[in-house]
Amino acid sequence: MRKVSFAEFGGPDVLHLLDAEEPHAGPGRIRIAVRAAGVNPVDWRIREGQKLSAHPIELPSGVGLDAAGVVDEVGEGVEGVGIGDHVFGEGFDTYAEFAVMSAWARMPEGLSFAEAAGYPSVVETALRVIREVGVEPGQTLLVSGASGGVGSAVLQIARDRGIAVIGTGGAANQDYLRGLGAVATTYGEGWVERVRGLGRVDAALDLAGSGVIRELVELTGDPRKVISIADLGAPDLGVRFSGVAGSVPDALVEAADLIARGRLHIPIEKSYSLTEAATAHVDSRAGHTRGRRVIVV
Ligand SMILES: NC(=O)c1ccc[n+]([C@@H]2O[C@H](COP(=O)([O-])OP(=O)(O)OC[C@H]3O[C@@H](n4cnc5c(N)ncnc54)[C@H](OP(=O)(O)O)[C@@H]3O)[C@@H](O)[C@H]2O)c1
């Protein structure tokens, strides 16, 4: 099979599409014929060799965590899924023709493989941070960096739960944020005053890692009401860094339910082929993805 892999840490040019041995589903896992793989910032962070204790790897390594595809092997002890089922979820080395999955759910009706591949990690992250920050229906959540993959999921899950959101994004994404139910404002000079002018903030999420932790604490009045997923310096200011994925199967079931009810839709900014994986990383790293980028196999 063909698989994107890298033998040394470095820039996008270390990625190569190579012939590789097919992986097989061990106990508790399934294998899918990958139809599409989600592109996440963590993919290029790992490729660059950034220290990510949550994602230890050995070289040479494949790339990619999220995928959607057709089940073609079912490991020992796995129930409730069969050959030919269409699933989406998280696995290993998903920028490839076949991948082993560790968590999956049936794809909601009407979703393309490309769309489905965009959901798993960002929905898991969104559900996790909304839970951890402890925001309740009727309260207001400030989301810094609201227009990317995680932000798009957070805004729609919050709307579904009756949590009001103030979201910051680039000038080009203001209408996009409003379309997801948020009160929108731009980041950049004067943003704290603009947010203050929009009303009280009960809790805040830093999704962009743009050096705003102090300001988020100031706006909420309590470091315990702020969480970052992108600023490793947050704990120095008394703010939790949320970095450990958990409860993925439940997150996928919840994602499927939200999608089926028409409450969650994350658009695809751009699709790439396996041969364009390096370009997908360059574009993701530029930091202004609206929704998701995916690799279509
Ligand atoms: N710790 C975890 O568990 C975890 C999980 C998932 C992701 N992450 C990390 O969280 C970050 C976001 O992930 P993602 O998948 O949502 O990324 P993404 O889809 O690439 O989105 C990045 C967003 O950041 C926004 N942005 C850029 N500069 C900004 C600034 N100065 N202020 C506010 N927003 C700004 C962009 O908005 P505009 O286009 O509007 O400028 C863009 O929409 C990444 O660093 C990723 O590595 C961590």
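Okay, so let's go over this structure. (Residues numbered from 1 in each chain as written. Predicted model: local features only at pLDDT ≥ 70, side-chain atom pairs only at ≥ 80, totals over all residues. Heavy atoms only, no water.)

### Details of the pairing of strand 5 (residues 66–74)
Each regular strand shows side chains that alternate between the opposite faces of the sheet.
Turning to step 1, where the next piece is worked out: With seven of its nine residues buried, strand 5 lies for the most part within the structure.
Turning to step 2, where the next piece is worked out: Where strand 3 (residues 30–39) lies against strand 5, seven bridges are found, and the strand directions are antiparallel. Bridging from a neighbouring strand, Ile32 pairs with Val71 of strand 5.
Turning to step 3, where the next piece is worked out: Bridge count for strand 5 against strand 6 (residues 86–91) is five bridges, and the pairing is antiparallel. Across the sheet, residue Ala68 finds its bridge partner in strand 6, namely Phe88. (Buried < 20%, exposed > 50% of the residue type's maximum accessible area, 1.4 Å probe, protein only. Helix = DSSP H or I, 4+ residues; strand = E, 2+ residues; numbered from the N terminus. Pairing = 2+ DSSP bridges.)

### Some thoughts on the site of the ligand
Turning to step 1, where the next piece is worked out: Around the ligand, a shell composed of 25 residues is seen, among which Arg45, Gly170, Asn173, Tyr187 and His288 lie nearest.
Turning to step 2, where the next piece is worked out: Gly170 places a main-chain nitrogen or oxygen 2.7 Å from an oxygen atom of the ligand.
Turning to step 3, where the next piece is worked out: A distance of 2.8 Å is found between a nitrogen atom of the ligand and a backbone nitrogen or oxygen belonging to Ser242.
Turning to step 4, where the next piece is worked out: In the complex, 84% of the free accessible area of the ligand, which totals 920 Å², lies under the protein chains.
Turning to step 5, where the next piece is worked out: Counting residues per element, the ones that place at least two in the shell around the ligand are helix 1 (41–48), helix 3 (120–133) and helix 4 (149–161).
Turning to step 6, where the next piece is worked out: Residue composition of the shell around the ligand, grouped by class: eight nonpolar, 15 polar and two charged.
Turning to step 7, where the next piece is worked out: Split by domain, the residues of the shell around the ligand number at least three in each of domain 1 (2–118 + 266–296) and domain 2 (123–241). (Near = heavy atom within 4 Å. Polar contact = N/O pair within 3.5 Å; in protein donor to acceptor, adjacent residues only side chain to side chain. Areas by Shrake-Rupley, 256 points an atom, 1.4 Å probe, with all protein chains shown as cover. Nonpolar A, V, L, I, M, F, W, Y, C, P; charged D, E, K, R; others polar. Domains from an automatic or database assignment.)

### A word on helix 9 (residues 277–285)
Turning to step 1, where the next piece is worked out: For helix 9, the set of buried residues is Ala277, Ala280, His281 and Ser284. Axial view of helix 9: buried residues confined to an arc of 100°, hence all on one face.
Turning to step 2, where the next piece is worked out: Positive phi appears at Gly287, one or two residues downstream of helix 9, with a value of about 85°. (Arc of directions from axis to C-beta.)

### Let's talk about the nonpolar core
Turning to step 1, where the next piece is worked out: Core analysis: the biggest nonpolar cluster contains 51 residues, and Phe88, Val123, Leu141, Val143, Val154, Leu155 and Leu205 have the highest contact counts within it.
Turning to step 2, where the next piece is worked out: Sort the elements by how many residues they give to this core and helix 3 lands first, with seven residues.
Turning to step 3, where the next piece is worked out: Both domains that furnish three or more residues to this core are identified here as domain 1 (2–118 + 266–296) and domain 2 (123–241).
Turning to step 4, where the next piece is worked out: With sequence-adjacent residues up to four places away left out, Leu155 is seen in contact with Val143, Ala146, Val165, Leu177, Leu180 and Ala182. (Core = buried A, V, L, I, M, F, W, Y, C linked by side-chain atoms within 4.5 Å. Contact = heavy atoms within 4.5 Å.)

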